[in-house]
Amino acid sequence: MGYYRIGTHLRLRPSSKPTPALNADINTSTVHVHLRHADGGPPRSHDDEMVFHFDTIIEGTFQEATFNSCARDIVEDVLCGYNGTVMAYGQSGSGKTFTMSGDPKNSLHQGIIPRSIQRIFADKMARPESETSIHVSYLEVYNEVIYDLLTDRKEPLRSVSIMEENGQIEMKGLCQIPCETEEEALKHFLHGERRRCTGPNTFHKFSNRSHCMFTIYVERHSKGRGHPDRTAAKLNLVDLAGCERFKCIDPTRQSEKEVLNINKSLTFLEQAVSELRKGQGHVSFRQSRLTMLLRDALGGNSKTALIVCALPEDDYLDETISALRFSQRVKDLKTSAVLNRVVDSIQAERQLYERKIAELKRELAFYDALNGRPGISREDLTEQKKVELKGKVEAFLSQKEGVEAIPIESLMQIKETYNIFKEAQAVLHAKLEKLSKENSISKLEENQNLSMIEDDDGVGELEPQGFALGVAPLDWRPEKSDCDTEITGKASVNGLLEQALLDNENSYKGESEQRNLAFHEFKRTVSEGIQQCYMINAKKSELREKKLLMQHLAVRLNDYKQEIHEINVVMTEKARNVASFDQEECETQVDDDYIQLEKRLEKAKLDYQKCYGELAQLKGQVISIREEMLKCQENLLNSFFEWYKKEKEKRPESNHFLYSKEKGNEQN
Ligand SMILES: Nc1ncnc2c1ncn2[C@@H]1O[C@H](COP(=O)(O)OP(=O)(O)OP(=O)(O)O)[C@@H](O)[C@H]1O
């Protein structure tokens, strides 16, 4: 947050008869006032000589110069996200409306409001990388009532209520009209101008009977990815009603009430400025609508410029001096403008919780200090601290250290200790699962390797000792590596678990027995188990049937083989005998026998081939039935393990299945 001085500027309306008492030096931005004595002589006292300093003094009709020196910087700041206020102050007819509004339709004579609109929309066009949304509102304070000047033309002006919410001045019921173009904004401004309360007075025909505030709201955020930088600022352009002396009121033209209210509110404004200047704790902003509206402009979140308009003529010297004095008081004020970043609700919530957490941490540190435990960290543990803690837990698990070795200083430490134990338990559990599965699968594999025609009584059954889960063969266990003896890192936790596995083998035997009993229960009582056993048994009988058939075929095949061999022997013998007899005598006889033998041999071979084909087919069938059966067995085991795990969780008593066995025995 920065503190900003309120800029003060003097605008002197051109005059054909300027008073010699008022000497404005544009170069030094200083005004000297020399009050002549009542008798017409030179000033006699110190009070008759006055000097007023300004940021700028403007004479003449130059509207652009006025905008550049009094308002441009503030408009630029609004475009950057700061709130801004430019207000014109001075007696009636001094040129406030000329300064703020001018002639909006004549580019040369446009006042600060149309020029600000122009600048803001030009900036919007020049920054396509940002999304800028612009709204306008226009209000007047007439007889201490705030009216919305942008109310529809056909309706009477709507009143607006002003209130303070969360330290902010809020206007309930004031329209903020979105404007896409400069023309649109200008159109709304002109619409409001037409609805302002004006009337003739002694100075001119269109004197403003109210204080008016035209506001341009500029919200912008950078387009594209990431967290956009979003700002929302407003520019208040204020045309105050002119203070009037009652003696100058023309009762035929003005209501006393109007003048009274204007003067009253301006007095309250001066009072608030004086209080702010003195640095009083309480400033009476609530005394009038105007001071409430200008609260931020005078001492809050706004960069502000005051333009004092004055008539440099003798007749109005008192009013001019009064306005100059007011400007010098305002000059001493400082506002505290901030960059108005828009924080979305999630971010705001996050910031709130972060603040709360920081507060709670401070409170904890305070209690720790009171309890003589300073220096305890409540922050997340660093990686280094986690490794150290792991080492201590492992030392405790391997019984090298007692439980007191594990530090209990903060909640973070306790949580991390639990995590280390959980991790160790998970590794142990995985190891057990793996061992039990390996054991069961190896049994299945053994079965698979049995000869096709051997007896298959074990189908669907497990070995008599059950799963023997805790007694994995020694050669299955991974060899201990050197790094397992270290106490840091994951490897050492695994090494420790290996040791735990060996140490606790006996308890695993109990677990093994539990599991065997559970497996019998699963097959007998659980529908999934019963169904899968039924399927295994069906496959088993099918397999038996096929194997029996194979045995018969094998016997027949041997018979055919034997027959072929015998026929071959006889035929060889016959051929040898033919060679030793008279060729002609024996030829006919031999031929007949030989042909018979050949036919028998051929038939035996055909039978052999057919039988061999059938046997091969049967062999294929047996292999596929066996495979199906093994699949069923595997399913049975998997289902059982799943069921068993769930049952263990449901029934955590470690010897539940032993009890059920005992119960079963009792019943029997
Ligand atoms: N600097 C100036 N150059 C030329 N004409 C001016 C200047 N200032 C004011 N005038 C003219 O003086 C008249 C009164 O000015 P203006 O309406 O701005 O006064 P005002 O302070 O707003 O008065 P009121 O408080 O009664 O509304 C207008 O006709 C305006 O054109």
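Small disclaimer: the values here were computed from a predicted structure and weren't measured.

Participant: Any details on the packing of aromatic side chains? Residues and values, ideally.
Facilitator: Remark: the centre distance and the inter-plane angle together describe each pair of aromatic rings, the angle taken between the planes. One pass over the structure, following the stated rule, counts 13 aromatic pairs. Here F640 and F641 contribute two aromatic rings whose centre-to-centre distance is 5.6 Å and whose plane-to-plane angle is 50°, an arrangement assigned as tilted. Just as F640 is buried, F641 falls in that class too. Pairing F640 with W643 gives two aromatic rings, centres 6.1 Å apart and planes at 35°, and the pair type is tilted. A residue pair is termed a helical-turn pair when its members lie 3 or 4 positions apart in one helix, as F640 and W643 do in helix α15 (residues 583-650) at three residues. Among the aromatic residues, those joined into a cluster by ring pairs are F519, F522, F640, F641, W643 and Y644.

Participant: So, the sheet that holds strand β4 (residues 30-34): which residues are in play, and what are the values?
Facilitator: The strand order across the open sheet formed by three strands is β3-β4-β5, and the pairing between neighbours is antiparallel. Each having just a single partner strand, β3 (22-25) and β5 (49-53) make up the two edges of the open sheet. Mean inter-strand twist for the sheet, computed between neighbouring axes without regard to direction, equals 15°. As judged from the four bridges shared by β3 and β4, these two strands associate in the antiparallel manner. Opposite L22, over in β4, you have V33 as the bridge partner. Of the strands in this sheet, β3, β4 and β5 are in contact with helix α8 (residues 317-331), which crosses β5 at around 50°.

Participant: Explain the site of the ligand to me, using residue names and the numbers behind them.
Facilitator: Neighbouring residues of the ligand: 17 residues in total, closest S92, T97, F98, S207 and N208. S94 is positioned with one of its backbone polar atoms (N or O) 3.2 Å from an oxygen atom of the ligand. Taking G95, its main chain carries an N or O atom lying 3.1 Å from an oxygen atom of the ligand. Within the residue set of the shell around the ligand, elements represented by two or more residues are α2 (96-100) and β14 (207-208). Sorting elements by how many residues they give to the shell around the ligand places α2 first, with three residues. By residue class, the composition of the shell around the ligand is two nonpolar, twelve polar and three charged.

About the criteria used
Residues numbered from 1 in each chain as written. Predicted model: local features only at pLDDT ≥ 70, side-chain atom pairs only at ≥ 80, totals over all residues. Heavy atoms only, no water. Phe/Tyr/Trp six-rings, centres within 6.5 Å; stacked < 30°, edge-to-face > 60°. Buried < 20%, exposed > 50% of the residue type's maximum accessible area, 1.4 Å probe, protein only. Helix = DSSP H or I, 4+ residues; strand = E, 2+ residues; numbered from the N terminus. Pairing = 2+ DSSP bridges. Axes fitted to C-alpha atoms, helices over the stretch in contact; angles between N-to-C directions. Contact = heavy atoms within 4.5 Å. Near = heavy atom within 4 Å. Polar contact = N/O pair within 3.5 Å; in protein donor to acceptor, adjacent residues only side chain to side chain. Nonpolar A, V, L, I, M, F, W, Y, C, P; charged D, E, K, R; others polar.

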